[in-house]
Amino acid sequence: MTVLSLLVAFFLLQQGNELQQVLSDESKPTTASVPGFRSDLWFLPDDENLGFVEIPAGPFIMGSNPALDRMAYENERWSRTRRQGEVTLPTYYIARYETTVAQYAAYARDTGIATPETPLDGPGAMPLTSITWPEAIAYTRWLDARLRSSDDTPAVLRAFLEAGGKVQLPTEAEWEKAARGTDGRIFPWRDAAPAELANFNGSEPREVTAVNCSVCAFGLSDMAGNVWEFTRSPLQDYPYSDDDDGEGLSDDALYVMRGGSFADPLNNIRTAIRGGIDPGVRNPAIGFRVVISTN
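Model, not experiment: these values are computed from the prediction. (Residues numbered from 1 in each chain as written. Predicted model: local features only at pLDDT ≥ 70, side-chain atom pairs only at ≥ 80, totals over all residues. Heavy atoms only, no water.)

### Structural notes on the nonpolar core
Here is step 1 of the chain: Core analysis: the largest hydrophobic core is formed by 49 residues, its most contacted members being Leu143, Leu147, Phe230, Phe288 and Ile292.
Here is step 2 of the chain: If you list the elements that add at least two residues to this core, you get β6 (92-95), α2 (101-111), α3 (133-149), α4 (155-162), β8 (228-234) and β9 (255-258).
Here is step 3 of the chain: Apart from residues lying up to four places away in sequence, Leu147 is in contact with Trp42, Leu44, Leu50, Phe52, Thr153, Arg158, Leu161, Val167 and Ile292.
Here is step 4 of the chain: The next biggest cluster of nonpolar side chains, apart from the first, holds 18 residues, and it includes Val53, Val87, Ile94 and Val291. (Core = buried A, V, L, I, M, F, W, Y, C linked by side-chain atoms within 4.5 Å. Buried < 20%, exposed > 50% of the residue type's maximum accessible area, 1.4 Å probe, protein only. Helix = DSSP H or I, 4+ residues; strand = E, 2+ residues; numbered from the N terminus. Contact = heavy atoms within 4.5 Å.)

See below:
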């Protein structure tokens, strides 16, 4: 077990033992009704599959070709001899929205786990930020357990979980395929950047339901801008391999974050952008979304 794996385990133990005693019933986060989300199901979206969107199995093109994308960075290059590479993924499900304040508050109230550095008193549909990578992992494990145990979990999700799927952070390949689709989009809505579809070059995040991006790959929201999103892939040179992904593969790993934020310029909200983050960092421009996948 690596140091990072121990960090995740220690966080869970410490939070469960110590912080649960600190959070009385009166001080635990509470959440009012959030339009479009189900208060009886941990504030997941009120739609057929609780906001999870199927990404079909198959290949996609990963990385950037500067001949097509003049804003491409060197760390998006596939290899010395190739600009881009093809990656084939099995079917998985990804959240339509970034994880929200209300969703994490439901977790905090259910478990007694919360930290004062992560604000939970804002509007419930705002993206959760100021959270560390181990805390995001802990949330995914909790949601996995809740979906498995609930009689209200949609049949398609239940079957996928029973077949080996689990709730987790996306790999950077899962994230990129969901953002760019299978037609190599530079932005989730193809190659232009309509300002109304992305929250960037600004001063604050917006609610995850602010824009319904029907023209985006797979209809997902805020895959460009709003907040950076954690993945479970360590930051390293391409070519990508899912053998390198996991929850604690290196003692000193930086983990990939994707998508850019409200504070970033246009070049940092492209589908291929790759940032790196220390797992212990909290930042008001960094959050996450979840997947259910078998990888």
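Resuming the write-up.
### Some remarks on the packing of aromatic side chains
Here is step 1 of the chain: What the rule picks out here adds up to twelve aromatic pairs.
Here is step 2 of the chain: Look at Tyr107 and Tyr139: their rings are 5.7 Å apart centre to centre, the planes differ by 85°, and that puts the pair in the edge-to-face class. Here Tyr139 lies in helix α3 and Tyr107 lies in helix α2, a separation of 32 residues in the sequence. A single burial state applies to Tyr107 and to Tyr139, both of which are buried.
Here is step 3 of the chain: Look at Tyr139 and Phe288: their rings are 5.7 Å apart centre to centre, the planes differ by 65°, and that puts the pair in the edge-to-face class. (Phe/Tyr/Trp six-rings, centres within 6.5 Å; stacked < 30°, edge-to-face > 60°.)

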